[in-house]
Each structure stands twice: as structure tokens, then as C-alpha cells.
2 protein chains.
Amino acid sequence: MAEQRVATIEDVAREAGVSRQTVSNVVNRPGIVKEATRRKVLVAIEELGYAPNAVARRLRQRRSSTIGVKLDAYSGGISGVVLDRFVHALTEHASSRGLRVLVYAARTLADELGYINGLADGGEVDAIILTGTALGDPRAERLRERGMPFAAFGRPWGAGDADHPWVDIDGAAGTRAATEHLLARAGEHVAFLGWPPDSGTGDDRERGWRAAMGDRAAPRLATLDGVNEGRRLVRELLERGETPVDGIVCASDALAIGAHLAAVRAGRPDLQIVGFDNTAAAEAIGISSVEQLPERVAEGILELLMGSEGTEIRRGPAPQTAGLLVEPRLIVR
Amino acid sequence: MAEQRVATIEDVAREAGVSRQTVSNVVNRPGIVKEATRRKVLVAIEELGYAPNAVARRLRQRRSSTIGVKLDAYSGGISGVVLDRFVHALTEHASSRGLRVLVYAARTLADELGYINGLADGGEVDAIILTGTALGDPRAERLRERGMPFAAFGRPWGAGDADHPWVDIDGAAGTRAATEHLLARAGEHVAFLGWPPDSGTGDDRERGWRAAMGDRAAPRLATLDGVNEGRRLVRELLERGETPVDGIVCASDALAIGAHLAAVRAGRPDLQIVGFDNTAAAEAIGISSVEQLPERVAEGILELLMGSEGTEIRRGPAPQTAGLLVEPRLIVR
DNA sequence: CGAGGTGATTTGAACGATCAAATTTTAACG
DNA sequence: CGTTAAAATTTGATCGTTCAAATCACCTCG
């Protein structure tokens, strides 16, 4: 049945008639051990079903080969999927690079700072990944103090993009592509439905629309996120009928769905609308959307932390403080 | 800035003029140490910014206070948002019980078995949580052999519900509630739109509908999951018009959305439809749905593994092989 | 044949904490 | 005040591995 005591490196050494260290070498640096010895040891390992104790190794090496990621609260809205896909992709890429992923949740900033301390001092993780960082983020500050490597999913808006290592989605490129698509396919009156100013992400997405529109004029609507909000604004816009509208680029799928519902209700079911995030909801309804590709972000983050090839996290404060922008992809439906 | 070497228990002991063990006691069993000593040590801890090294503790205690959870890829089974919410809730509850959560991804069964071995032997985790287990699941088998505690989100269908510890959503209770709701609100012709037989989860959900319908007759449609599939079947049903339809209970939100789109197209936009999973898509469109409450599942799983109060995972094979059903909640829109 | 070098293997210490047992201090009581 | 029990604290060993240095085996060459 179950082996009560799992085999240790010592057991293998005895069985194979060699020393601990030789067994260790067979496992970690097979190149430096003589072929005959290596085979002997491998047989013993197989025999005893030995697997190295990761905890002991970590203690000795003072490295955990683990990264910590915060899970943000499930907000219930349409978004949030992006982050989940990110975590998932990160886990897959991390596995293939020999890293483990430890997730944690924290309700308050104080909790999170405490948790970060524990992870850092306890030697639990070699690096931490933050999401949604702002300029002068206290978490980033704390991590820097502790000398713990970290990177963020999201730009530290306003920091001249170089406050700490980050990877983000190029929202402007996404809305620009969406706008150009509608300009080519629907007509030149492409409106923008976004959020109130000063939200970083929102401004970025609006920027892409503006860039693509150039001198053309079209309404720019702003409201809080949400299906009902989007529906209301677009209903008013269409009922007013002052300006022609050939298409609408939206800052989120929630807004896009609202816009779509309003358009259908107003008798314009084929009004071209593009959302942002490419959520299941947009797919189900058949609305075009900008897909964020959080998988790329995950790759990028690991690259910042580990270099493009390595399997180890760089020690000390990250030398590279630059950021990396991932270009999203327009999904046309 | 950064303290190059983090303080160890030895440093604290020296600073406070006591022995290692006393410091350890202050941290872990404050009750047994004299008040004056305790204060002295706490001052030293504060002074040096000491935090215990979790890795060393784990090695000595031969316990990791960590549970492993597999992240499924996005498709099939307990998919998407439900699983993400589950992982999130699990993380929160685990934190409050002093556990960490390690996530892993595996593309193939062989990969997963290998990973499980590593986690188990390496002492990385004290327990593992599986999702989507079947009768005689090789992963469960392996874990039992290894003597590693585990529990599953999902029933081992067909095992008489007692193959290993599990927690699951009571799908039948959900569809029953949905059906009763429609019977009371829409009329007595409540159809069911589900999946082909023998899918465990699907049969369960159909069972709830049957139970609520009793002797009443109504169409039962089955197809693969997906918006387009649902739309097609419902369009055909409504076009045929042989039987009156007052409402439709669906086995998934994807099917429900398809049904809704077909109903709108067929000129019956107010046909009552209930989905399953309460996804953001259903919420956005305004379709009622059965909400799975994965948070409760997370609680239940921890309870199976740790008992209702403890902060430690039970050693050895779980004594309790029973399962636990969580009743879902109908969200009416 | 012995010095020197290279490659393979072994030995002892260390990583930082907790366990178990031993020791010291304090309290209680006749 | 002395004896004894209980409480508080310390000591030595240990968890399983890898690092760094030491040793051993073997080969080459003058």
C-alpha cells in the first residue's frame, strides 16, 4: 500500500552504494557523474520511488522557485475574466519554466501588505506579481524595500511608464483597430462610448479612437461601466437623432452590450458595435470585440522576471524597469 | 535600504537575551511563556523586523500548510467562471484558516499524475483538490496510494456517491427550483433544453426538471452545449408549433442564450427562460439563471479536509468518504 | 617512478525552524 | 525552611537537501 515513510536521498544513496551528494548530482547535474554510477543510482531511485523533497531543497538553496499572485475579488461584472485567464496562462507558463504559483487573496491594502511581508520574509516566493498598480503604489514600495523582485500587470499610470517593471495591454491600439475597422466597413461616423476621464485605462482606450478618427467628428459618450448605463446613453443618442451614427466603439463589453440592446430596440439591429475584452457575453450575442490576450501578458511578465530563456528568477531588484505593451486583437463577428 | 540578510530566530533570541525556543514559543504558543519574557521578545521581533521562515518550519514540521488546486483549461466540465470563483473563494477561506493555495496546470493526464507525485513526495502540499472526477479516477487512485488527503469538486458519478470525499452542486435542486418558478409564473408547459444523456451533470439537471414536472408533459430537447445549438433547436420547436411552450429550463446559460435569441426572432421576446451558471452573459441579457454558489463548495471542501474548526489538515486518508451537496440559488430577472 | 593534473566521489557544515527531553526557576505547602 | 510539584526556559537533535572543500582514483608525461 502506501509507503509510510517516503524515501530520502539517504535511502537512495545506501541502496545504490554511493554517497548522498552523488545522488544529488545525478538528479541535478547528471553531466558530472560517471555513466555507470549514474545508471546505478537511477535504478535505486526507481526502486524506492524517490522524489526529492522540495521543501528541504528550498531551505538549503534559499530559493523557492515560486511566484505569488494576488487574486482580485470577483466583481460580478462582465470583466474579471481577463484576470482569470491571466492567472491561468501564468500558471501554465510558470510550470513549463519550473516555477510554482502561489495565489493569495486580500480584502484590504493593509492585509495585502502584511501578506506580502510574510511571503517575502518567509522565503515562500521569489517574486510577486501585482495587478492594477498605480503610481507610487505602496505595495511596489514595500517590495522594493524588501528587495523582492516583482512585476505588474498594468501600467503605473502617470509614472512616465518607468516606475517599475510592468506589462500591459495596449488599449489604444485596440480601439484604434476597432475604429479603423468600423470606418472602413460602416461609415465615417464612429462614436465612442467610454468612461469618465482620468481612469488611465479609459483614457488610453479613448486615445486610440481619437487617433483613428483624425479630423472626423462624432459623439463621445461617457458613463460608468455597466450594461444599463450603456443602453441608456445609446438610446438617448439614437432617439435624439441629431447626428448620424454609423458605428460605436466601446471601452468595455458591458457598454457594448448595452449599446447593442439599445440599437435593437431603436430599430437598428445592424448598427456596428465593437466591445472590449471579448467576453463570453459578447461572443454569445455576436458582438465584435477587442481581445486582450492576457496569455501574452503572462509570457511577458515571466520574461521580465526571468529573462527570455532562464529557469531562475533574477535576484535583487529588477534591473529592467521598462514596460512592455501587448497589442490586442480585434475579433470581428 | 533593504536589509541584506533577514533576521532569523537566532538573531531575535540574542537580541532579547533568551533562547531560540523561547522565541519560537512566543510566536507559536504565546500562552506558555511568562508575560515579561513575552514582551521582551516581542520588542526584539519588532526591532529586527523578524518574520519566521516558513520553509524551515515546514521542513521541521513535515507539514506545508498548503493545498494544491488544478486550474482547468477553459472548456467542458465545471468550466469558466464557476471554477474561477471557486478557486478564489477557496483562496480566501484557506487564508483565514492559515493555509496557502498552490495552483497548477496540466494539459494531459500523464502530466497531472506526474505533477501530483511531485507535490506529494516533495512535501509541497498537504492536500490536493481535484475537479471533475469520475468513478475510479486515476488521480484519486494515485492520491490514495500515496496517502495524500484530497477532496473533489464534483461527484464521482456512478460510484454510489462514496468513492472519495467530494462536494458538489445539487444541479437537480437547481433545475427543480427553476421549473417550479416557471410553472408558477408562466404556465404548465415548461420544456427542458439539455445535453445528450449520460453526462452525469446533464442527467442530474434533467432529473430536477422531471421531478418538478410530475405528470405534466412538455418537450425535452437535447444537443451539445453552445449558443448556436440552443438557438437552432428552439427555433425549430417554435416554428413547428405543435406543442404550446410557456417556458424553457436550460442546462446551461449558453443554451439559454441561444433559446432566448430564437424566441426573440420568433416574435416571442417574453418567453420565460432560465439558464444555469448565472454567467455574466446571462446577467447582461437579463435571463434568469441558477447560480451555483461555488463559494459554498469551497467552504465545504475545507470542512471535509480540516474539520469544521481546525486549522490543520487531517493526516492520512480521509476518514470521511461521504459527499456534500450545495443547493444552488435561482436568480430571477 | 614520482609529480602534477583532471575528473569523480565523499565528507562535514549549513539552511532556520521545531520537537523532545533536560534543566532551571517559581510557587505551594506543611 | 525544606520538600515537591508545576511552570518556564534551555539544550541537543533533527527535518532532507545542497554547498564548499577535501579526498580519492586514474592518467599523462618527463
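This one's a predicted model, so the numbers in the text were calculated from it and none came from an experiment.

The rules behind the values
Residues numbered from 1 in each chain as written. Chains lettered and ligands numbered in written order. Predicted model: local features only at pLDDT ≥ 70, side-chain atom pairs only at ≥ 80, totals over all residues. Heavy atoms only, no water. Near = heavy atom within 4 Å. Polar contact = N/O pair within 3.5 Å; in protein donor to acceptor, adjacent residues only side chain to side chain. Helix = DSSP H or I, 4+ residues; strand = E, 2+ residues; numbered from the N terminus. Nonpolar A, V, L, I, M, F, W, Y, C, P; charged D, E, K, R; others polar. Buried < 20%, exposed > 50% of the residue type's maximum accessible area, 1.4 Å probe, protein only. Least-squares fit on C-alpha atoms with pLDDT ≥ 70 in both. Contact = heavy atoms within 4.5 Å. Buried area = accessible area lost by both parts, 1.4 Å probe. Salt bridge = Lys/Arg side-chain N within 4 Å of Asp/Glu carboxyl O. Pairing = 2+ DSSP bridges. Axes fitted to C-alpha atoms, helices over the stretch in contact; angles between N-to-C directions.

### Describing the protein's contact with DNA strand C
Line of reasoning, step 1. Neighbouring DNA strand C are 28 residues; Thr37(A), Arg62(A), Ile9(B), Ser24(B) and Asn28(B) lie closest to it.
Line of reasoning, step 2. Within 4 Å of the protein, atoms of DNA strand C come from sugar and phosphate in 59% of cases.
Line of reasoning, step 3. At 2.5 Å, a side-chain N or O of Asn28(B) approaches a phosphate oxygen of DNA strand C.
Line of reasoning, step 4. Mapped onto the surface near DNA strand C, the elements with two or more residues apiece are helix H2 (20–28) and helix H4 (54–61) of chain A together with helix H2 (20–28) and helix H4 (54–61) of chain B.
Line of reasoning, step 5. A total of 5 residues in the surface near DNA strand C trace back to one element, the largest contributor, which is H4(B).
Line of reasoning, step 6. Its residues assigned to classes, the surface near DNA strand C shows 10 nonpolar, 10 polar and 8 charged.

### Side note on unusual backbone geometry
Phi is mostly negative for residues that are not glycine, and the peptide bonds are mostly trans.
Residues and elements named next belong to chain B.
Line of reasoning, step 1. The phi angle at Ser-65 is positive, at roughly 50°, despite the residue not being glycine.
Line of reasoning, step 2. Tracing the chain through its elements places Ser-65 in the loop between H4 and strand S1 (66–70).
Line of reasoning, step 3. Judged by relative accessible area, which is 18%, Ser-65 ranks as buried.
Line of reasoning, step 4. With a phi close to 120°, Asp-277 is a non-glycine residue in the positive phi region.

### Details of the side chain of Thr223(A)
Line of reasoning, step 1. Inspection of the secondary structure assignment puts Thr223(A) in the loop between strand S7 (220–222) and helix H10 (227–240).
Line of reasoning, step 2. At 2.5 Å, the side chain of Thr223(A) and the side chain of Glu229(A) are in polar contact.

### Some thoughts on the relation of the copies chain B and chain A
Line of reasoning, step 1. Its rotation angle being 180°, the transformation that places chain B on chain A also includes 0.0 Å of axial translation and leaves an RMSD of 0.1 Å. The symmetry that links the two subunits is that of a two-fold axis. No C-alpha of chain B approaches the rotation axis more nearly than that of Ala281(B), which lies at 1.9 Å.
Line of reasoning, step 2. Comparing interface residues between copies, 96% of those in chain B also sit at the interface in chain A, which points to an isologous, same-surface contact.

### As for the interface of chain B and chain A
Line of reasoning, step 1. At the interface, 46 residues of chain B touch 49 residues of chain A.
Line of reasoning, step 2. When the two sides are added together, the surface that chain B and chain A hide from each other amounts to roughly 4000 Å², 62% of it contributed by carbon and sulfur.
Line of reasoning, step 3. The largest per-residue losses of area from chain B upon contact with chain A belong to Val55(B), His88(B) and Asp121(B), which jointly make up 13% of the total buried on that side.
Line of reasoning, step 4. For the interface between chain B and chain A, the tally reads 6 salt bridges.
Line of reasoning, step 5. Residue Glu92(B) is joined to Arg107(A) by a salt bridge in which the shortest nitrogen-to-oxygen separation is 2.9 Å.
Line of reasoning, step 6. At the boundary of chain B and chain A, one finds 12 residue pairs in polar contact (both at pLDDT 80 or more).
Line of reasoning, step 7. Breaking the side of chain B that touches chain A down by element, the ones donating at least two residues are H4, helix H5 (80–96), strand S2 (100–104), helix H6 (109–121), helix H7 (138–146), helix H11 (253–265) and helix H12 (280–285) of chain B.
Line of reasoning, step 8. Sorting elements by how many residues they give to the side of chain B that touches chain A places H5(B) first, with 8 residues.
Line of reasoning, step 9. Considered class by class, the residues forming the side of chain B that touches chain A number 26 nonpolar, 8 polar and 12 charged.

### Things to note about the protein's contact with DNA strand D
Line of reasoning, step 1. The environment of DNA strand D is formed by 26 residues, the closest being Ile9(A), Gln21(A), Ser24(A), Thr37(B) and Arg62(B).
Line of reasoning, step 2. Here the atoms of DNA strand D within 4 Å of the protein split so that 60% fall in sugar or phosphate, with bases taking the remainder.
Line of reasoning, step 3. Note that a base oxygen of DNA strand D is positioned 2.8 Å from one of the side-chain N or O atoms of Arg60(A).
Line of reasoning, step 4. One of the backbone nitrogen or oxygen atoms of Ser19(B) is found 2.9 Å away from a phosphate oxygen of DNA strand D.
Line of reasoning, step 5. At the level of elements, H2 and H4 of chain A together with H2 and H4 of chain B are the ones that each hand at least two residues to the surface near DNA strand D.
Line of reasoning, step 6. Looking at the surface near DNA strand D residue by residue, the classes come out as 8 nonpolar, 10 polar and 8 charged.

### A look at the pattern of salt bridges
Line of reasoning, step 1. Across all of its chains, the model carries 45 salt bridges over all chains by this definition.
Line of reasoning, step 2. Note that Glu295(B) is salt-bridged to Arg85(B), the shortest N-O span being 3.1 Å. With a gap of 210 residues between them, Glu295(B) in helix H13 (residues 294–306) and Arg85(B) in helix H5 connect regions that are remote in the sequence.
Line of reasoning, step 3. Glu206(B) is the partner of Arg220(B) in a salt bridge, and the nearest nitrogen-oxygen pair spans 2.5 Å. Within this pair, whereas Arg220(B) is found in strand S7 (residues 220–222), its partner Glu206(B) is found in helix H9 (residues 201–213), the two being separated by 14 residues in sequence.
Line of reasoning, step 4. By relative accessible area, Arg220(B) is classed as partly exposed at 28%.
Line of reasoning, step 5. Residue classification places Glu206(B) among the buried residues on the basis of a relative accessible area of 10%.
Line of reasoning, step 6. It is possible to trace a salt-bridge network through shared partners that takes in Lys70(A), Glu112(A), Asp137(A) and Arg139(A).

### So, the sheet that holds S2(B)
Line of reasoning, step 1. Pairing within the open sheet is mixed, and its 12 strands lie in the order S11(A)-S5(A)-S4(A)-S3(A)-S1(A)-S2(A)-S2(B)-S1(B)-S3(B)-S4(B)-S5(B)-S11(B). In this open sheet, the two edge strands, each paired with only one partner strand, are strand S11 (323–326) of chain A together with strand S11 (323–326) of chain B. Averaged over all adjacent pairs, the angle separating strand axes in this sheet is 25°, with direction ignored.
Line of reasoning, step 2. Bridging between strand S1 (residues 66–70) of chain A and strand S2 (residues 100–104) of chain A involves 5 bridges; their strand directions are parallel. Bridge pairing links Ile67(A) to Val101(A) in S2(A).
Line of reasoning, step 3. Together, strand S3 (127–131) and strand S4 (150–153) of chain B form the strand contacts of H7(B), whose direction differs from that of S3(B) by roughly 170°.

Read these as layout, nothing more, since geometry by itself doesn't imply function.
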